[in-house]
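The primary structure of each chain is shown beneath.
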Amino acid sequence: MPAFPDVPKIAFEGPKSKNPLAFRYYNPDEVVEGKAMRDHFRFSVAYWHAFRGTGSDPFGSATMLRPWERGDTVDNAINRVHVAFEFMEKMGLEFYCFHDRDMAPEGKTLAESNKNLDEVVKALKEEQQRTGIKLLWGTANLFSNPRYVHGAATSCNADAFAFAAGQVKKMLEVTKELGGRGYVFWGGREGYQNLYNTDMKRELDHLGRFLHMAVDYAKKIGFSGQFFIEPKPKEPTKHQYDSDAAACINFLRAYGLNTFKLNLETNHATLAGHTIQHEIEYAGHQGFLGSIDANTGDLLLGWDTDQFPTDIYLTTQCMLSILKYGGLAGGINFDAKVRRESFEPVDLFYAHIGGMDAFARGLKIAAAIRADGVLDKFVRGRYASWDSGIGKEIDDGKHTFETLSEHMLKKGDVTPNTSGRQEYLEHLINMYV
Ligand code: XLS
Ligand code: NI
Ligand code: NI
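Let me sum up the structure you'll find in this document.

Focus on the nonpolar core
If you look at the biggest cluster of nonpolar residues, it comprises 110 residues, and the most contacted ones within it are F41, F87, Y96, F98, L262 and I332. Considering every element that reaches this core, the biggest residue donor is helix α12 (residues 345-372), with 13 residues. In terms of nonpolar packing, the next biggest core, distinct from the first, is built from 8 residues, C97, L136, W137 and F228 among them.

Observations concerning the sheet that holds strand β13 (residues 289-293)
Strand order around the closed barrel formed by 8 strands is β5-β6-β7-β8-β10-β12-β13-β14, with parallel pairing between neighbours. Between one strand and the next, the sheet's axes are offset by a mean angle of 30 degrees, whatever the strand orientation. Relative to strand β14 (residues 332-334), strand β5 (residues 43-46) is paired through 3 bridges, and the arrangement is parallel. Counterpart to F43 in the pairing with β14 is I332. Against the sheet, helix α6 (residues 158-177) contacts β6 (95-99), β7 (134-139), β8 (182-186) and β10 (226-230), and its axis sits at roughly 150 degrees relative to β8.

Comments concerning the site of ligand 1
Near ligand 1 you find W48, H99, W137, W186, E230, K232, E265, H268, D293, D304 and D335, and these make up its full shell. One nitrogen or oxygen atom from the side chain of W48 is found 3.2 Å from an oxygen atom belonging to ligand 1. For ligand 1, whose accessible area on its own is 290 Å², the fraction buried by protein is 93%. Residue classes in the shell around ligand 1 are distributed as 3 nonpolar, 2 polar and 6 charged.

Section: unusual backbone geometry
What is expected of a backbone is that most residues other than glycine have negative phi and most peptide bonds are trans. Of note, the amide linkage connecting E235 to P236 takes the cis form, showing an omega dihedral of 10 degrees. Phi at E33 is positive, roughly 45 degrees, even though this residue is not glycine. Among the structural elements, E33 can be located in the loop between β3 (31-32) and β4 (35-36). For R42, which is not a glycine, the phi torsion comes out positive at approximately 45 degrees. As for its position among the elements, R42 is in the loop between α1 (37-41) and β5.

Notes on the coordination of the nickel ion (ligand 3)
Around the nickel ion (ligand 3), the protein contributes the donor atoms E265 (OE), H268 (NE2) and D304 (OD), at 2.1 to 2.5 Å from the metal centre. Here the nickel ion (ligand 3) and the nickel ion (ligand 2) are spaced 3.9 Å apart, linked through E265, which binds each one. Of the two residues, E265 sits in strand β12 (residues 261-265) while D304 sits in the loop between β13 and α11 (312-324), which places them 39 residues apart along the sequence. Comparing E265 with D304 shows no difference in burial state: the two are buried.

Structural notes on α11
The end-to-end C-alpha separation of α11 is 18 Å, in line with the 18 Å expected for 13 residues at 1.5 Å each. With 10 of 13 residues buried, α11 is to be regarded as a mostly interior element. Looking only at α11, the buried set comprises I312, L314, T315, T316, C318, M319, L320, S321, I322 and L323. A side-chain oxygen of the first residue of α11 lies 2.8 Å from the backbone nitrogen of Y313; this N-cap is D311. G326 sits one or two positions beyond α11 and adopts a positive phi of about 85 degrees.

Topic: the coordination of the nickel ion (ligand 2)
Distances from the nickel ion (ligand 2) to its protein donors, namely E230 (OE), E265 (OE), D293 (OD) and D335 (OD), fall within the range 2.0 to 2.1 Å. Of note is the nickel ion (ligand 2), whose 6 donor atoms meet at the metal with angles of 80 to 176 degrees in an arrangement that counts as octahedral. Here the donor residues of the nickel ion (ligand 2) are spaced in sequence according to E-x34-E-x27-D-x41-D.

Digging into the pairing of β13
Burial of β13 is extensive: 5 of the 5 residues sit out of reach of the surface. Where β12 and β13 come together, 4 bridges link them in parallel fashion. Residue pairing for β13: E265 is matched across the bridge by D293. Pairing of β13 with β14 involves 2 bridges; the strand directions are parallel. If you follow D293 over to β14, its bridge partner there is N333. Taking the sense of rotation as the criterion, the β-α-β connection linking β13, α11 and β14 turns out right-handed.

Points about the pattern of salt bridges
A full pass over the atoms with the stated rule returns 23 salt bridges. A salt bridge links E33 to R370; the shortest N-O distance between them is 2.7 Å. Taken together, the residues span a long stretch of sequence, with E33 in the loop between β3 and β4 and R370 in helix α12 at a distance of 337 residues. A cluster of three or more residues bridged by salt bridges with shared partners is formed by D100, R101, E106 and R147.

Quick look at α6
The end-to-end C-alpha distance of α6, which contains 20 residues, comes to 29 Å, matching closely the 28 Å that a straight helix rising 1.5 Å per residue would cover. A160, F161, A164, G166, Q167, V168, K170, M171, L172, V174 and T175 are the residues of α6 that are buried. The N-cap residue of α6 is N157: its side-chain oxygen and the backbone nitrogen of D159 are 3.0 Å apart. Positive phi appears at G179, one or two residues downstream of α6, with a value of about 70 degrees.

Rules used in this analysis
Residues numbered from 1 in each chain as written. Chains lettered and ligands numbered in written order. Predicted model: local features only at pLDDT ≥ 70, side-chain atom pairs only at ≥ 80, totals over all residues. Heavy atoms only, no water. Core = buried A, V, L, I, M, F, W, Y, C linked by side-chain atoms within 4.5 Å. Buried < 20%, exposed > 50% of the residue type's maximum accessible area, 1.4 Å probe, protein only. Helix = DSSP H or I, 4+ residues; strand = E, 2+ residues; numbered from the N terminus. Pairing = 2+ DSSP bridges. Axes fitted to C-alpha atoms, helices over the stretch in contact; angles between N-to-C directions. Contact = heavy atoms within 4.5 Å. Near = heavy atom within 4 Å. Polar contact = N/O pair within 3.5 Å; in protein donor to acceptor, adjacent residues only side chain to side chain. Areas by Shrake-Rupley, 256 points an atom, 1.4 Å probe, with all protein chains shown as cover. Nonpolar A, V, L, I, M, F, W, Y, C, P; charged D, E, K, R; others polar. Donors = N, O, S within 2.8 Å, 3.2 Å for Na, K, Ca; no water. Expected span 1.5 Å × (residues − 1). Tetrahedral: all angles 85-135°; square planar, octahedral: opposite > 155°, others 65-115°. Right-handed = clockwise from strand over helix to strand, strands pointing away. Salt bridge = Lys/Arg side-chain N within 4 Å of Asp/Glu carboxyl O.

Quick look at the structure:
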């Protein structure tokens, strides 16, 4: 029995369509800058939000109508897998991501949890083979269970570290078994609430050791997927160690974990006081750009609201920078949830269609801007003083403070500055949007 009997396969109908259950811009086979849209994006559903989100908040209980839900059992988990694959097939979503505990109920022991997971993974494997849908990345939930109250890899309790290692070991095996493209470490409770009770150096050393163990184990079992770290500055802890792209890159370099890349999330960037484009640019030029958790926050709310992205400026900016750095090793995972007021199953479709279409439009706009070279030309011109004369000589390492002082003593003052033309450029971008 289908879970979404009234929803047909979502088709591309083009920009003139008024059908809200159709794509107006996302056309998977359409080639942009030499690559099919499906390969630019690798759109993915976040299992935890789409299929485990209940709509509860601190002030009220679950609101989601999910007629297929029959409690937290292995049988129901397997049935839910069929529901999820029906959804992805109808949506044309070719990837998914999950945490171990989204997929199968946690048992009383690690052994029991692993056994539950194995049973559901069998169903996942069958569904992947039947549909061709693939795993973008796997991850372990190292934050929900009370044993992780002080963190997992950074816990003061060595047994919590050991338990977390057991969970990640298992999820690396599962991710390999399912042919996952990557594996994500989001910090969960790796951070602190108060420095009075925290040995930061010791905690970070443990995190470094933990990630090295993951790299070693991946090598041992032949898992060759990409490892990602996902920055987030706060929530649940007051200060998460992986606070933003720059902090993560510093940590990865300091601990010799240079094979990692970053999984950047829009709402995490804004919590850190950055934009997602800033984070993509920072990771991109440092060689750490990996994957995107696509969502958006709310201007008026200061927490991780994980809304679906529909803002064309936002997706245009993302795609401008993603194209600039040659694309993603991972993909675009909708780490986003429908509002608790949007409780009908069909809302899951509207949400994902809106997000995919917004990114497709962003891609086309970004490609048009790049084809005309308008930003490139402007930026190159803005730095022209570095292409010849004194600028080029400095870049070539031909100068010292003494010679530069000499140069200016002779010249007297700098060549006049030119306008940054921000308003002109903002207006110019509007011609493409
Ligand atoms: C939470 C994170 C989480 C990761 C996966 O804020 O976004 O959902 O993506 O653990
Ligand atoms: Ni995320
Ligand atoms: Ni998040």
